[in-house]
Every structure is written in C-alpha cells, then in structure tokens.
Amino acid sequence: MELTQPVEWVNKSFIGYAMNTEFTDDNARVLMGIIDKIKATFTDAAFCLPRSALHITLLDWITPLVDYDGQDKDALFAEVRSSYDKAISDILASTHPIKVCFDEIKVSPSTIYIVGHDNGEFQKIRNQFVNRVKLLPNTKLPPTIIHSSLARFTKPIELSSANAFVANQQLDIVQKITNFRLIHTTREPNLEFETLKRYELQ
C-alpha cells in the first residue's frame, strides 16, 4: 500500500524570488470548484491553496525551499537582479501571448496538481533563460511541464484514494497568458508574496 508523502513546509516562512502568472477570474472559479471537492474529500489530510495563491509557475530566480549554504537570499537576489531582469526582458519582448490548455488533473505523492499544454512557448522561454544567465548553485531548474498545484498532502493517506478522486474529475480550461510577474515570496506555498515587476508579452 503506497501512501502519500506529507509536506512539512506548508504555511511556513521561506524567502524566494520566482516568476509565475495568475489565472483569469473565470478559470480560477473552475479551479476553486475542484479545490472545494478536494477539501470535502480529504479534509485535514490536504492543504488546499486559497484563490490568491493559485499560479502557473514559469521559473525560479531564488528557490524558496532551498538553502543557499546559509547565504542571505535577499542579498543574492540583489546580486543577480540586473542580469536576470535584462535576460528575461529581452526574451519576453519577442514572445507573443501564450494559450495554455489545462485538461489534466494529476497526483504525485505530495501534491494534487493540474497540467497544461501550449505550443512549446513555456519551454522555449525557460531554455533561453537558463542559457543566458548563470543560475546560482542550488537553484531549482525550471520545470519541464506547465502546471499549477491545487493542494499539498499534510497527512499520509492511501495514494490510491487520491488517484481515484482525480480520475472522477474533469478539467478543460484555456488560459491566455499576456504577462508574467516577478514575485518575492515569504510564506509557502505562495501564500504571502509581493509583486516586484510585471513583464508584458508582445
């Protein structure tokens, strides 16, 4: 019997700097409907993201859940901000709005999340960014999928029950992305953050 692997960092303070984007109100309403079902099904075994925390991850500048050998993350951000900003500004200046179709709900041992598909734009942006800058040691590489987490498991339960739950859910939304935001996060997962800059797509 395989069990979920609860995360211990939910609602705890971690500093990070990342790029992501929000859902439209209509799409967020659909996702909150699924989240309400997660709450009803798993109660205190899952921490569900509030509306304000929902986001689509692009990439990290300074990863929240990673220790940088004791170095101050705000100081590290100050060191890389100018070069990272120039790189992503140049990349996104020639990027048109992106249409992402979210049509899958999946489960990992720690997370219930949704997966989307585009025409390769997300991966192109990520590849160009890591090729143009030198990521700080320990920084998490950009993901290779387009995803958004809905809930994190906080207690061990049978993973099969989570898989059975998502098998009965349907999702079909289209998100048009017209900008990405650089945020300074202080509480995970994305519970407290400040938007530092928006990068509009062409």
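Here the structure is shown first, and the text comes after it.
Q: Would you take a moment to explain the packing of aromatic side chains for this structure?
A: Aromatic ring pairs are reported here in terms of the distance separating the ring centres and the angle at which the planes meet. Using the criterion set out here, one finds nine aromatic pairs in the structure. Summarising the aromatic geometry, the rings of W61 and F129 are spaced 6.4 Å apart at their centres and angled 10 degrees between planes, so their arrangement reads as stacked. Remark: F129 occurs in helix 3 (residues 121-132) and W61 occurs in strand 3 (residues 56-62); sequence separation between them is 68 residues. On the numbers, 5.6 Å between centres and 70 degrees between planes, the contact of F122 with F180 is edge-to-face. Within this pair, whereas F122 is found in helix 3, its partner F180 is found in strand 8 (residues 179-187), the two being separated by 58 residues in sequence. Classification of F122 by relative accessible area gives buried; the value is 1%. According to the relative accessible area criterion, F180 is buried, its value standing at 0%. One aromatic cluster is present, built from ring pairs that chain together Y17, W61, F77, Y84 and F129.

Q: Is there a simple way to think about the layout of surface pockets in this case?
A: Sizing a probe to match a water molecule and rolling it over the atoms shows the empty space that remains. The volume enclosed by the largest pocket comes to roughly 550 Å³. Around the largest pocket, the lining is made up of 28 residues, and of these H55, T57, K140, R152 and E188 lie nearest the centre. Of all the secondary structure elements, the ones that give two or more residues to the lining of the largest pocket are strand 1 (13-21), strand 3, strand 5 (111-117), strand 6 (146-153) and strand 8. It is strand 6 that provides the largest number of residues to the lining of the largest pocket, a total of four residues. Grouping the constituent residues of the lining of the largest pocket by class yields 13 nonpolar, 11 polar and four charged. Lining the second largest pocket are D90, I91, S94, T95, H96, E121, K124, I125, Q128 and R132. Secondary structure elements with two or more residues in the lining of the second largest pocket: helix 2 (73-93) and helix 3.

Q: Whenever I open this one, the sheet that holds strand 3 confuses me. Can you help?
A: As a general point, the strands of a sheet are linked pairwise by backbone hydrogen bonds and lie either parallel or antiparallel. An order of 3-1-8-9 is seen for the four strands of this open sheet, with the pairing classed as antiparallel. If you trace the sheet from one side to the other, it starts and ends with strand 3 and strand 9 (192-200), each paired once. Strand-to-strand twist across the sheet, computed as the mean angle between neighbouring axes with direction ignored, equals 25 degrees. The sheet contact formed by strand 8 and strand 9 spans eight bridges and is antiparallel. Within the sheet, the bridge partner assigned to R181 lies in strand 9 and is R198. The strands that helix 3 touches are strand 3 and strand 8; relative to strand 3, the one it contacts most, it runs at about 5 degrees.

Rules of the game
- Numbering of residues starts from 1 in each chain and follows the order in which that chain's sequence is written.
- Given that the model is predicted, a residue must reach a pLDDT of at least 70 before its local features are reported, and side-chain atom pairs must reach 80 or more before they are shown or counted; all residues, however, enter totals for whole chains, interfaces and linings.
- With hydrogens and water set aside, each side-chain value is computed from the structure's full complement of heavy atoms.
- When two rings of Phe, Tyr or Trp (its six-membered ring) have centres within 6.5 Å they constitute a pair, described as stacked for plane angles under 30 degrees, edge-to-face for angles over 60, and tilted for the intermediate range.
- Counting from the N terminus, the helices are DSSP H or I runs at least four residues long and the strands are E runs at least two residues long.
- Type-normalised accessible area, obtained with a 1.4 Å probe on protein chains alone, sets the label of each residue: buried when under 20%, exposed when over 50%, and partly exposed for intermediate values.
- Cavities and pockets are defined on a 1 Å grid built over the protein atoms alone: a cavity is a set of grid points where a 1.4 Å probe fits but cannot escape, while a pocket is an open set with protein on both sides within 12 Å along at least five of seven lines, and lining residues are those with an atom within 4 Å of any such point.
- Grid points are joined across faces, edges and corners, and a volume is the space filled by probe spheres set on the points.
- Gly counts as polar in this scheme, as do all residues outside two lists: the nonpolar Ala, Val, Leu, Ile, Met, Phe, Trp, Tyr, Cys and Pro, and the charged Asp, Glu, Lys and Arg.
- Here the rule is simple: two strands pair whenever DSSP picks up at least two bridges between them.
- Note on geometry: axes are lines fitted to C-alpha atoms, helical ones only across the stretch in contact, with angles between N-to-C directions running from 0 to 180 degrees.
- Note on contacts: a residue pair is in contact if any heavy atoms of the two residues lie within 4.5 Å.

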